[in-house]
Amino acid sequence: MAGIVEIKRLVKRYKGNVLALKGIDLEIYRDEFFVLMGPSGCGKSTLLKTIAGILDYDDGELYINGKDMKNVPAYKRDISLMLENYALFPHMNVFDNVAFGLRMLDKDEEEIKKDVMETLALLELKGLEKRFPNEISGGQRQRVALARALVIRPSVLLLDEPLSHIDYRLQRRFASLLKDIHRQISGTAFILTTHDQHHGLSLADRMAIMNSGLIEQVGHPEEIYNEPHTLFSARFVGEVNTFMGEIQEVGADSVWVKTDIGYLKSRKPNAADNLVGRRVGYIIRPEKIKISKTGENAENSVKCIFEYLNYFGHYVEAIFRAPHNVRIKSTIPTYNLPNFKVEDEYWLSWSANDARTIIKPSVVEGVDIEDLIYGR
Amino acid sequence: MFIEKYGKYLLLLPGLIIIVFFLILPLILIVIVSFMQIFTFREPTLTLQNYIDFVASPQTPTILLNTFGMSIGTALLTLLAGYPAAYVLAFKIESIKIRNYIISLLLVPFFIDWNARTIAWIPILGESGAVNYMLQALNIVREPVQLLFSRWTLLIIWLQTNILFAIFPIYLALIRIDPDLINAARVLKAPPHRVFYNIIFKLSLPGVVVGFTFVFVNTLGDYITPALWAGGIQVLGLSISSFAANFVWPYAATQSTILILIALAVLFVLFKIVDIKKLVE
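Residues numbered from 1 in each chain as written. Chains lettered and ligands numbered in written order. Predicted model: local features only at pLDDT ≥ 70, side-chain atom pairs only at ≥ 80, totals over all residues. Heavy atoms only, no water.

(A) Examining the overall build of chain A more closely. A count of helical and extended segments in chain A gives 9 helices and 20 strands. Expressed as lengths along the three principal axes of its C-alpha atoms, the size of chain A is roughly 75 × 45 × 40 Å. The buried share of chain A, taken over its 376 residues, is 53%. If the 49 positive side-chain charges of chain A are averaged to one point and the 52 negative ones to another, these points end up 2 Å apart. (Helix = DSSP H or I, 4+ residues; strand = E, 2+ residues; numbered from the N terminus. Buried < 20%, exposed > 50% of the residue type's maximum accessible area, 1.4 Å probe, protein only. Lys, Arg positive; Asp, Glu negative; His and termini not counted. Charge placed at Lys NZ, Arg CZ, Asp CG, Glu CD.)

(B) Inspection of the confidence of the model for chain A at higher detail. Per-chain confidence: chain A averages 92 in pLDDT, with 98% of residues scoring 70 or above. The spread of mean pLDDT over the elements of chain A runs between helix α9 (residues 369-374) of chain A, the lowest at 77, and helix α2 (residues 94-104) of chain A, the highest at 97. (pLDDT = per-residue confidence, 0-100.)

(C) Region of interest: the interface of chain A and chain B. Facing 30 residues of chain A, the contacting portion of chain B comprises 22 residues. In this assembly, chain A packs against chain B so that about 2200 Å² is buried in total across both faces, 65% of it on carbon and sulfur atoms. When the buried area of chain A at its contact with chain B is split by residue, Tyr-75, His-91 and Met-104 of chain A rank highest and sum to 30% of it. For the pair chain A and chain B, the number of links is 2 salt bridges. The residue Arg-194 of chain B makes a salt bridge to Asp-106 of chain A at a minimum N-O spacing of 3.2 Å. In this assembly, chain A and chain B are joined by 10 residue pairs in polar contact (both at pLDDT 80 or more). (Contact = heavy atoms within 4.5 Å. Buried area = accessible area lost by both parts, 1.4 Å probe. Salt bridge = Lys/Arg side-chain N within 4 Å of Asp/Glu carboxyl O. Polar contact = N/O pair within 3.5 Å; in protein donor to acceptor, adjacent residues only side chain to side chain.)

(D) Structural view of the side chain of Lys-44 of chain A. Residue and element names in this part refer to chain A. Looking at the element boundaries, Lys-44 is found in helix α1 (residues 44-52). Judged by its relative accessible area of 4%, Lys-44 falls in the buried class. A distance of 3.3 Å separates the side chain of Lys-44 from the backbone oxygen of Pro-39, its partner in a polar contact. Among all residues touching Lys-44, those that are not within four sequence positions of it are Leu-36, Met-37, Gly-38, Pro-39, Glu-161, Thr-193, Thr-194, His-195 and Met-210.

Structure, rendered in structure tokens:
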């Protein structure tokens, strides 16, 4: 199956020869909800605007529907874009804003009216046709921006940080609205950028983690969460405990890593040979950690001091202090919460199969593993 | 108590005094005088005669047409010439430094005395001036052409002296346009010329209206330039000044009132067509 968007070794230079995109390879399929996720400045918006045709690219190839997009202006591409600040036309009312794209396509007014009213109904905007952008609420403005991008029925709908300027409740509502609409209309790929991992994970059919103009990893959210290729993607998707260490021993399907909190066993990393002596990151997800009063007969167990709880409603995060002042967090469903006592000793344990030893800090060259873990 | 509540309005006072005493009151006086008839040995009387005389005068249509035709024409021409310059300044020159240099250059003529600037038209448009020299050198004409002292001279001179008043408001309106609005239009299938008309031009209309107002009002009140260069065409300002110079105050006041009323009417219609309030918000 050929992708609706195909990107090959895409390079974008900003003024002063700063590389914004350093060679992106990506394929996005029809009907897919694809999320580009990464910290601010990682190039995700640049990539989106390059696909849209607002920005030009310097090297590599970009195909939409199999057609080469070099020198194809934005208005001739089969895409639509919802911009981060919505960019509603202030001199047009809601109806005219939404109708803009259809009018540019020279559809007849009857058809435009029908399509616009349909889209407005779909996004719960009926009755606001005559209002101007400065006369409606932030959430309504956002839905108008979506309606305007959606109504021209592009093959690719690009959404630049649509969830970043509204409060949490509206974010949730808008995210589920997006998911609903994506299910209802077929033949359209959604590409969304976000720096928020919760929305990224929950919306994506597939996602790409971006870092400094490169893609760290592409895959289903679950795949990236469970099998991160680099420490960067492990730490960007979900919560994780990371321990800096060195591989001491390699077994048939497991490795032992020497860390500040002791020797820890994990599943053997897929990749390389010469594992012994490599500096690595040892990771374990907080929900995989079991807490007990007496050291269980587990593959990994560490004696810790309980420090405090972070309450999140349906779950809590318990913070422990391991040897050498290393912090470990564990998440526990609230209904199952034991009565922790501050400064009491507990044993934290987990199985080697749930832990991962990650060799590569990042696909970006020159990132030091220690700098990444200790955030220097 | 009183100072706390209304103290802030005291700041309006100096400006308000100047406007009331030197603009509003004189204007009211002009309107009152325009209804008077003055006799040498009698008290002045109130009458409509001045207005009747104005309407009945065979010169009136020509004068009105000259005055408002030249002003509106100049304003439109200036906008037409100024818009591309403002557009280039706002969108095509990315370096703020170069932009500021160009803006400073545009301001240079204002450092030169009005008289000097006026006289400078002789070596430019005169019979042995630069333009005629060029036309002859290029064999376009054999004898020098009369370029000074006509309606067209006035148009060229007004265009030159007023173009900055068109460029600036348009430029200010253009740089206020969010580039993402242009991007949004582009991804919404608008080809460049429709992006320009639907987004850029429409959002710059407040600047266009302000530019028009500046140039229109400027040229309407200027009777010296027409007197010097226009080759004897009559405009209302000139007529007012000659009646005033001959102490026929009431008739000069009548013409002034009519000038103001028509100017206000033109601006009123303009602001009705272009809903400036909606655009500025």
